Amino acid sequence: MIEPPVRSAAHRADLDPPERHPEAPAPGTVLPSHYADCVGCGPNHPTGLRMVTTAGPDVTVTGTFTVTAAHQGAPGLAHGGVLATALDEVLGGLSWLLRKPMVTGRLETDYIRPVPVGTTLALAARCVGFSGRRMYAKGQGRLDTPDGPIAIRAAAVFVVVGVEHFTEHGADMTAEQVHDYEVNP
Ligand SMILES: CCCCCCCCCC(=O)SCCNC(=O)CCNC(=O)[C@H](O)C(C)(C)COP(=O)(O)OP(=O)(O)OC[C@H]1O[C@@H](n2cnc3c(N)ncnc32)[C@H](O)[C@@H]1OP(=O)(O)O
């Protein structure tokens, strides 16, 4: 038996407001890849999304993802899971501005328009607020330009974790490297 998800990314109205860290990268700063082999942003990944993300004002991030033949589901069209990855990446980039390590707990995606190969998606993410360790966020992707038609939308919950999440469960990562990832964009 396959159990359905038990949670929702819908949030209450009384979240703690998002606080941009005083040492967050300035709006307009291109955020570095957090890991060279990351399928979302890593320059070493052979078929990755090669996303470039930029800090925005408040707790917002923008990014671009150009859909190639490596990202197809149906012929000539982006795979929905790949599009969810692009949303996950730009939403995850909010951690650079919050300076808190966090992982995706829940990612809800609406697919509104097909995304053809050759499209450059203009992605945007915004932190909505916090409830304890839960960070609520929303994101979207528009076709080709920041004011193009909306193709995808997301609501997400990220969960703030300690460095041990990465050192105990991951590979080849020391606590010092996680600290770098947390504080040195
Ligand atoms: C700057 C770098 C940019 C990075 C971009 C990267 C983008 C990609 C990001 C990812 O894809 S991360 C990889 C995918 N995610 C994971 O692998 C996470 C796997 N899940 C876990 O490791 C654990 O389930 C998790 C850390 C999320 C929670 O386990 P814990 O034992 O630490 O917490 P716990 O279960 O006690 O829950 C803590 C709080 O979070 C809530 N929570 C936990 N899981 C949740 C969930 N799935 N959805 C919503 N809320 C969740 C939970 O209800 C609770 O809320 P309250 O404190 O208010 O009671």
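Residues numbered from 1 in each chain as written. Predicted model: local features only at pLDDT ≥ 70, side-chain atom pairs only at ≥ 80, totals over all residues.

We now examine the site of the ligand. Of all residues adjacent to the ligand, which total 20 residues, the nearest are His34, Gly92, Val103, Gly105 and Val159. Put simply, the parts of the chain that give the shell around the ligand at least two residues each are helix H1 (80–92), helix H2 (94–98), strand E4 (102–111) and strand E7 (150–160). No other element matches E4, which puts four residues into the shell around the ligand. Taken together, the residues that form the shell around the ligand break down as five nonpolar, nine polar and six charged. (Near = placed C-beta within 6 Å. Helix = DSSP H or I, 4+ residues; strand = E, 2+ residues; numbered from the N terminus. Nonpolar A, V, L, I, M, F, W, Y, C, P; charged D, E, K, R; others polar.)

Taking the UniProt record as the reference, the feature "domain: Thioesterase" (unreviewed entry) is found at residues 76–139. Annotation note: span residues 76–139, helix share 28%, strand share 44%, distance between end C-alpha atoms 24 Å. (UniProt positions renumbered as here; feature names shortened; annotations may be inferred.)

Another point: the environment of Pro43. With respect to the secondary-structure elements, Pro43 resides in the loop between strand E1 (30–31) and strand E2 (52–55). For Pro43 and Val117, which are 74 residues apart along the polypeptide, the C-alpha to C-alpha distance reads 20 Å. Look past the residues within four positions of Pro43 in its chain and what remains in contact with it is Ser33, Ala36 and Arg50. (Contact = placed C-beta atoms within 7 Å.)

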